[in-house]
Amino acid sequence: MEHVRQHPDRRLVLQSAMAAVVAMMGPVGYAGTSRPPLGFTAVPASLRDAVVVPPEYEYQVLYRWGDPTGIGSSLPAFRPDASNTAEDQALQAGMHHDGMHFFPLGSDGRRALLVLNHEYTDEHQLHADGAAPLTAAKVRKSQHAVGVSVIEIERLPSGWRQVLPSGYARRIHARTPMHIAGPAAGSALLQTAADPSGREVLGTLANCAMGVTPWGTYLTCEENFHGYFGADKSRGGTSDAAARRYGTTPGGQWVDWYRFDESFDVLKHPNESHRFGWVVEIDPMDPTSTPIKRTALGRKCTESATCTLTRDGRVAVYMGDDARFEFIYKFVSRDRVRPGGYAANRDLLDHGTLYAARFDASGQGAWLELTNGDNGHADQAEVLVHARLGASARGATPMDRPEWVAIHPRTAEVFVSLTNNSQRGAPGRPAVDAANPRANNLGGHIMRWTEAGADAAATTFTWSHFVLAGDPAVPGTDTRYPSPQADAFGAPDGLHFDSAGLLWIQTDMSGQAIGKGTYANLGNNALLCADLATGSIKRFLTGPNGSEITGCVVTPDRSTLFVNIQHPGETSDSGGARANSAWPDGSEPGSARPRSAIVAVRRRNGGAVGT
Ligand code: FEO
Ligand code: CA
Ligand code: CA
């Protein structure tokens, strides 16, 4: 997410989709084929407060914020006035659904778990009387509204249904006990008054994108953790360079949890924020298991943790660090993946090598190892806790906000979205470079690379751009697409390859920017489908006002596409969301409190999605 909240401009007049397509016939040609590349009717850009899918598709809404998770006999119903207590919220869907994965139960595809992140909260919507005045009870409810959900679903002839209650159902949130493992566990930097061991921590938060390990566990990524840590700005700044680089400074917080939970006070407990910003491993099949923070993967605003196997059977994990001018990372395990599921691979993510990427103008790139001794770091724990500093010292390439990483299921080509960077080329900021070629890059871009020898363990790779996004009708945006057949979009964020190799692109233009500048004709945030074989990109789904689209996952049989509608109605001002959106419960903005939710999309004829 980009945490910017201002009023979207509602004076926007959308061009027709056809006009946008004609206008974007730009400088990059594509030797495509004449066959229809994607077999669905593209939807036009939209400013409707609705989910819109192609006419040959239908969708249903599941697991809205506040719906019961299904834990035991406790199924507290959502109260439309948001008067549910903090205790209720710990048993209900959190806010702001993000990364998600589909874990089949059995082989017939009828039952499954959905595991999904809840990235952050809208405090105005979360509480019956709004954000102010902040109270201890509100902080506790807020802490219970982030984290992760595990829900069970089953497929009936009429569609998907949440199983209530379910023995798998679980809420993990900012007060769930978890372990810290790997090289930084137990180090002085991770020790706090509450945990002198440096190995036990309360909670996960800012859970954005995700990953799935080869042994079937879920990886949730702690992205903008700094937004929860702070102190009264009047108490002074900090001289700690690492704290400034990570944003864990007085006045840097987005919510004032520190006022009622002093572990989030960066002046009283400066090490507590070192215990966030990690990849957290969760066993979705065991609701009693303890989540584990894996420090070997490095601390940063971790956006994704996309796994693949190396040629010799080890695991590689690709990660973005979503902040302006931060880096792309790769972890390669020391040991090979063993048969036997999580039990046989419980320590696999605790030993290995962390790298950051350098993109050279030649089209080649290198993985730079972050090791003990770099940049004056005392030990490997410090290298990992302050990974950004080590990656800078090694000369990694500062990127335009790296978000999701997706790997083609057959070619092993790796794709990453760079969502945008309004500061690229600004005075005193890094200039454009080969990998990030546009100043004031509001459109964002998607890059691709192939590891040397097609081996994820390689330390060099070959890269290129897949798409430079934006509104081709806006002069001066220098937008280039891989194909004249492409529908326009801005600010790519989520990426997902389905089992057929279609690339699903989800966008997150911030609400304040929708309808303006580079986003003038792009409408609300959208889900697009790209066919790499033809270069075609078509708009598949558009979201309600103020929402972002994220967490797309297609079932292995491609019969259903699940996707998350995050923060419908989001605006910059208090209470503005309800004036902007009533999705999914109301027909008119103002008629209902907007709620993040999962959408399940299927072809009306039961066929594979996308084709
Ligand atoms: Fe939470 Fe970078 O998106
Ligand atoms: Ca994201
Ligand atoms: Ca986002």
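This text gives an overview of the structure that appears in the document.

The rules we used
Residues numbered from 1 in each chain as written. Chains lettered and ligands numbered in written order. Predicted model: local features only at pLDDT ≥ 70, side-chain atom pairs only at ≥ 80, totals over all residues. Heavy atoms only, no water. Phe/Tyr/Trp six-rings, centres within 6.5 Å; stacked < 30°, edge-to-face > 60°. Helix = DSSP H or I, 4+ residues; strand = E, 2+ residues; numbered from the N terminus. Buried < 20%, exposed > 50% of the residue type's maximum accessible area, 1.4 Å probe, protein only. Lys NZ or Arg CZ within 6 Å of the ring centre and 35° of its normal. Donors = N, O, S within 2.8 Å, 3.2 Å for Na, K, Ca; no water. Pairing = 2+ DSSP bridges. Axes fitted to C-alpha atoms, helices over the stretch in contact; angles between N-to-C directions. Salt bridge = Lys/Arg side-chain N within 4 Å of Asp/Glu carboxyl O. Contact = heavy atoms within 4.5 Å. Disulfide = S-S within 2.5 Å.

## Structural notes on the packing of aromatic side chains
Here's step 1: A full pass over the atoms with the stated rule returns 26 aromatic pairs.
Here's step 2: Taking 6.4 Å as the distance between ring centres and 45° as the angle between the ring planes, the aromatic pair formed by Phe-225 and Tyr-246 counts as tilted. One end of the pair, Phe-225, is in the loop between β10 (218-222) and α5 (241-246); the other, Tyr-246, is in helix α5, with 21 residues separating them in the sequence.
Here's step 3: The class of Phe-225 is buried, set by a relative accessible area of 0%.
Here's step 4: Note on Tyr-246: relative accessible area 2%, which makes it buried.
Here's step 5: Joined through ring pairs, the aromatic side chains of Tyr-318, Phe-359, Trp-367, Trp-449, Phe-461 and Trp-463 make up one cluster.
Here's step 6: Against the face of Tyr-329 rests Lys-300, its NZ or CZ located 5.3 Å from the ring centre.
Here's step 7: For Arg-388, the ring lying beneath its charged end belongs to Tyr-246, and the centroid distance is 4.8 Å.

## Some points on the coordination of the calcium ion (ligand 2)
Here's step 1: Looking at the calcium ion (ligand 2), the protein donor atoms are Glu-303 (OE), Glu-403 (OE), Asp-493 (OD) and Asp-493 (OD), and they sit 2.3 to 2.6 Å from it.
Here's step 2: Separating the calcium ion (ligand 2) and the calcium ion (ligand 3) is a distance of 3.1 Å, and Asp-493 donates to both of them. Of this pair, Glu-303 sits in the loop between β12 (292-294) and β13 (306-309) while Asp-493 sits in strand β24 (residues 492-497); the two residues are 190 residues apart in sequence, bridging distant segments of the chain.

## Considering unusual backbone geometry
Here's step 1: Residue Ala-132 is joined to Pro-133 through a cis peptide bond whose omega torsion reads -5°.
Here's step 2: When you line up the elements, Pro-133 lands in the loop between α3 (123-126) and α4 (136-144).
Here's step 3: If you check the backbone angles, Ala-412 has positive phi at about 65° while not being a glycine.
Here's step 4: Structurally, Ala-412 can be placed in the loop between β20 (402-407) and β21 (414-418).
Here's step 5: A relative accessible area of 33% means that Ala-412 is categorised as partly exposed.
Here's step 6: Not every positive phi belongs to a glycine, and Ala-491 is a case in point at roughly 55°.
Here's step 7: Mapped onto the elements, Ala-491 comes out in the loop between β23 (460-468) and β24.

## Description of the sheet that holds strand β7 (residues 177-181)
Here's step 1: On the basis of which strands lie adjacent, the open sheet formed by six strands has the order β8-β7-β12-β11-β10-β9 and mixed pairing. Looking at the sheet topology across the chains shown, the edges are occupied by β8 (200-202) and β9 (207-212). With direction set aside, neighbouring strand axes in the sheet form an average angle of 35°.
Here's step 2: The sheet contact formed by β10 and strand β11 (residues 279-282) spans four bridges and is antiparallel. Its bridge partner lying in β11, Thr-220 is registered against Val-280.

## Structural notes on the sheet that holds strand β25 (residues 503-507)
Here's step 1: The strand order β24-β25-β26-β27 describes an open sheet built from four strands, whose pairing is antiparallel. Looking at the sheet topology across the chains shown, the edges are occupied by β24 and β27 (536-542). Adjacent strand axes in the sheet meet at a mean angle of 25°, parallel and antiparallel pairs treated alike.
Here's step 2: Of the strand pairs in this sheet, β24 and β25 are connected by four bridges, and their pairing is antiparallel. Considered in β25, the bridge of Pro-492 is made with Thr-507.

## Some thoughts on the pattern of salt bridges
Here's step 1: Enumeration according to the criterion identifies 33 salt bridges in this entry.
Here's step 2: Between Glu-222 and Lys-293 there is a salt bridge, and its shortest N-O distance comes to 2.8 Å. Linking Glu-222 in strand β10 with Lys-293 in strand β12, this pair joins segments that are 71 residues apart in sequence. As far as the burial class goes, Glu-222 and Lys-293 line up, both buried.
Here's step 3: For Asp-312, the salt bridge goes to Arg-314, with nearest N and O atoms at 3.0 Å.

## Quick look at the environment of Met-95
Here's step 1: Looking at where Met-95 falls in the secondary structure, it is placed in the loop between α2 (86-89) and β2 (97-105).
Here's step 2: The spacing of Met-95 and Asn-372 is 277 residues in sequence and 39 Å in space, taken between C-alpha atoms.
Here's step 3: In this view, Met-95 contacts Trp-65, His-118, Glu-119, Tyr-120, Thr-121, Asp-122, Gln-125, Leu-126 and Ala-145; residues no more than four positions away in its chain are not counted.

## Re the state of the cysteines
Here's step 1: Following the criterion strictly, the structure yields zero disulfides and no others.
Here's step 2: Cys-529 takes part in no disulfide bond, and the closest cysteine sulfur, belonging to Cys-552, lies 8.6 Å away.

## Some details on the pairing of strand β30 (residues 597-603)
Here's step 1: Burial analysis of β30 places seven of its seven residues in the buried class, the great majority of the element.
Here's step 2: Burial along β30 is two-sided: the face carrying Ala-597, Val-599, Val-601 and Arg-603 and the face carrying Ile-598, Ala-600 and Arg-602 are both buried.
Here's step 3: The pairing of strand β1 (residues 57-62) with β30 spans six bridges and is classified as antiparallel. Looking at the pairing, Tyr-57 lines up with Arg-603 of β30.

## Quick look at helix α8 (residues 387-394)
Here's step 1: For α8, the full list of buried residues reads Ala-387, Arg-388, Leu-389, Gly-390 and Ala-391.
Here's step 2: On its buried face, α8 sits against α5, β15 (324-326), β16 (328-336), β17 (352-359) and α7 (380-385).

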